[in-house]
Amino acid sequence: MFGMNVMAWNGGDLEKLEVLQNRIDNMSENTTKDSEQSSAVALEKSSKADSSLSDGKNSRSLLADPWYEFNEPAPEKIEGDLYYTPSYFLRTHSKNNNPADVQTQIWQCVFAPTHALGELITSDVVATCGGSSVCFIDVTTGHVLLKYNRSTKALASENLYALAWSTLDVVCDETIDPDESNGDMEKKKKKKLERGSVVAAGGGKSTVVLVDVEAGFCYHMFRTVTTKANAIICSLLFHPKKQSWLFCGHEDGHIEIWEVGKLYRPNYSKTECMSLMTLPAVSGDAYNLSYCQQLDLLLAGCDSALLVYEVDLDKVSRGERLCVTKVDLPTPSFDEKAANVVDSIVLVRDTVLAAKCALHARIYVMDVRRLMQNKLPITTLKNVDFHIKVGLDDVLSLEWSDTDNYYINMGADPRSCVLVCGDDKGSLWLYDLHAVINGDIASPITGAKALKNPLRPTAMLLWPNLDDPEVEKAGKLRLDSYDIVVDKCCISDGADHVVAVTSNNMVCIWRRGRPHPDN
């Protein structure tokens, strides 16, 4: 059992904290009005003909970002075992900077995507959200680089539950000195076009905040649902081929697509966000969203099913309905009446999906391309065009916890093919799926028969023995006296670091390798 100290961060040395808090409290009223007006604005129709489901590498919409290129890394087997050492356990989302806050839940974590890397943002930076704040942490040092706090007086109904990271086109106005030789005193403006790193966070009251990461500034806020005061955003995802489009999944099951525009630095005065279309609810709670780029499929893990939307950029721009497939995942043999609450999905590879149903004690891994070949038309379900019934023989089953807790979200690294999921004891279950992905282990993923028994985890990371003086000073019980629910895990590119966030306000950073002799 490892022993280490809990580090409670109070933001005392962070220079940009006050900058990040500017303007956000005064934006709610204005952005709500802007959202209502912009929802009525229609995008220019595209003349490109509709296309059926096809390989994304061979078909391209004129609306796709000109710089977009599908560049999934080739699978690389990790040398040696999956041994990780706890590096930093941080308490960074405390309400009112209370160092003994063990009530705030941290819901999401995501590493910076490859296309968002720059001088400030490296592949070692992870973003986390929980309570009313978003943090950016360097996993190699444990330093909090930036923190945005929505409000020091934020209520529980204003918590942030969802997080997405991408880049947007930057339009930057630079002032040029007047030309004194001709006496022209008018200042001219020169526009430079580049791309900037942007994080979107959403949650209570259907509010989305947009943070310009490189500038250290929360520059815009809008509401996706203006007709319901307590609507909640459960999930966010930027479209990988049109990165100014943001998918917003809600607790009632409907998904909205928003155009969030460009980064107009330095004053952001031209920022406009508009609703493009709404995908009607099929089942409640759109918990998770993923996007299969090669097949142009939006995958949604929902309250009673896995939903698959065939996304056509041109149809979205015209506001036309998208084709929807409802997927019923397997029922565990030990409980044939178990519900299919799909509370977590993640793509291990672009066409290899891992899905987890609450109370199933299993994680199901399947090939999306093979899955979609089995769809059948259906007319008895509202807002659904096709249906797929998946059995245990159609998936690779992974052994997982028998916890009765919901909303424990997985993470995966496409390069190493490592999948990770937490539990309610603070432990992390790691699965090295490289041999399954490349066919060394025959399974339904590669068209073979199902394995006789579920695959066991390759490694497990147990909750370490923490020395937590702030909690002890406050007279509170040790963290491990209660359930430690790991709400979300993520893995860095190449699986050098694993990050987990918990229900008791902890950001847990694990480094691959053996402990250093001095520690």
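Coordinates for the structure precede this section.
Residues numbered from 1 in each chain as written. Predicted model: local features only at pLDDT ≥ 70, side-chain atom pairs only at ≥ 80, totals over all residues. Heavy atoms only, no water.

Moving on, we get to the pairing of strand S11 (residues 233-238). Each regular strand displays side chains that alternate between the two surfaces of the sheet. With respect to burial, S11 is a largely interior element, 6 of its 6 residues being buried. Across 5 bridges, S11 lies against strand S12 (residues 245-250) in antiparallel orientation. Paired with Leu236 across the bridge in S12 is Cys248. Where S11 folds back on S12, the antiparallel hairpin that results is connected by 6 residues. (Buried < 20%, exposed > 50% of the residue type's maximum accessible area, 1.4 Å probe, protein only. Helix = DSSP H or I, 4+ residues; strand = E, 2+ residues; numbered from the N terminus. Pairing = 2+ DSSP bridges.)

Okay, the packing of aromatic side chains next. Applying the stated rule across the entire model yields 10 aromatic pairs. Ring geometry for Phe136 versus Trp165: centroids 5.6 Å apart, planes at 80°, classification edge-to-face. Linking Phe136 in strand S5 (residues 133-138) with Trp165 in strand S7 (residues 160-176), this pair joins segments that are 29 residues apart in sequence. The class for Phe136 is buried, based on a relative accessible area of 1%. (Phe/Tyr/Trp six-rings, centres within 6.5 Å; stacked < 30°, edge-to-face > 60°.)

With 24 residues, the main nonpolar core has Phe247, Ile255, Leu298, Tyr309 and Val316 as its most contacted residues. Listed by contribution, the elements that provide at least two residues to this core are S12, strand S13 (255-259), strand S15 (274-279), strand S16 (288-292), strand S17 (297-301), strand S18 (306-310) and helix H3 (313-318). Sort the elements by how many residues they give to this core and S15 lands first, with 4 residues. Filtering out sequence-adjacent residues up to four positions away, Tyr309 remains in contact with Ile255, Leu279, Pro280, Asp296, Leu297, Leu298, Ala300, Cys323 and Val324. (Core = buried A, V, L, I, M, F, W, Y, C linked by side-chain atoms within 4.5 Å. Contact = heavy atoms within 4.5 Å.)

What follows concerns the pattern of salt bridges. Tallied over the full model, the rule gives 19 salt bridges. Across the pair Glu194 and Arg265 runs a salt bridge, and its minimum N-O distance is 3.4 Å. With Glu194 in strand S8 (residues 188-203) and Arg265 in strand S14 (residues 263-265), this residue pair connects regions lying 71 residues apart in the sequence. When its relative accessible area of 37% is taken as the criterion, Glu194 is described as partly exposed. Taking the relative accessible area as the measure of exposure, Arg265 reaches 14% and is therefore buried. Put simply, Asp493 and Arg415 hold a salt bridge, and the shortest N to O gap is 2.8 Å. Placement of the pair is Asp493 in the loop between strand S31 (486-491) and strand S32 (497-502) and Arg415 in the loop between strand S26 (411-413) and strand S27 (418-422), with a sequence separation of 78 residues. Residue Asp493 is classed as partly exposed on the basis of its relative accessible area, which comes to 41%. Several salt bridges share partner residues, and in doing so they unite Glu194, Asp212, Glu214 and Arg265 into one network. (Salt bridge = Lys/Arg side-chain N within 4 Å of Asp/Glu carboxyl O.)

Moving on, we come to the side chain of Asp343. Residue position: Asp343 is located in strand S20 (residues 342-349). Taking the relative accessible area as the measure of exposure, Asp343 reaches 1% and is therefore buried. Of the polar contacts made by the side chain of Asp343, one reaches the side chain of Lys356; its length is 3.0 Å. Of the polar contacts made by the side chain of Asp343, one reaches the backbone nitrogen of Tyr407; its length is 3.0 Å. Among all residues touching Asp343, those that are not within four sequence positions of it are Tyr287, Asn288, Lys356, Cys357, Ala358, Tyr406, Tyr407, Ile408 and Asn409. (Polar contact = N/O pair within 3.5 Å; in protein donor to acceptor, adjacent residues only side chain to side chain.)

What follows is about the sheet that holds S27. The strand order across the open sheet built from 4 strands is S26-S27-S28-S29, with neighbouring strands paired in antiparallel fashion. Each edge of the sheet is formed by a strand with only one pairing partner; in this case those strands are S26 and strand S29 (459-461). Recorded for the sheet is a direction-independent mean angle of 20° between the axes of neighbouring strands. One ladder, built from 3 bridges, connects strand S28 (residues 428-432) with S29; its direction is antiparallel. Residue Leu430 lies in a different strand from S29, and its bridge partner there is Ala459. (Axes fitted to C-alpha atoms, helices over the stretch in contact; angles between N-to-C directions.)

Inspection of every chain in the model, using the stated rule, returns 0 disulfides. Sulfur of Cys234: no disulfide; nearest cysteine sulfur belongs to Cys302 and is 9.3 Å away. Taking relative accessible area as the criterion, Cys234 reaches 16% and is therefore assigned buried. (Disulfide = S-S within 2.5 Å.)

Looking now at unusual backbone geometry. In this chain, Arg265 is followed by Pro266 through a cis amide linkage whose omega measures 5°. Within the secondary structure layout, Pro266 lies in the loop between S14 and S15. Positive phi, close to 60°, is recorded for Lys205, a residue that is not glycine. Looking at where Lys205 falls in the secondary structure, it is placed in the loop between S8 and strand S9 (207-212). The phi dihedral of Asn383 falls on the positive side, at around 65°, and the residue is not glycine. Note on placement: Asn383 falls in the loop between strand S23 (376-377) and strand S24 (386-389). On the basis of relative accessible area, Asn383 is assigned to the partly exposed category, the value being 23%.

In this section: the sheet that holds strand S4 (residues 125-130). With antiparallel pairing, 4 strands are arranged side by side in an open sheet as S3-S4-S5-S6. A single partner strand is all that each edge strand has here, and the edge strands are strand S3 (106-111) and strand S6 (144-149). Strand after strand, the sheet turns through a mean of 15° between neighbouring axes, direction not considered. Summarising the sheet, S3 and S4 pair through 5 bridges and their orientation is antiparallel. Looking across to S4, one finds that Gln108 is bridged to Cys129.

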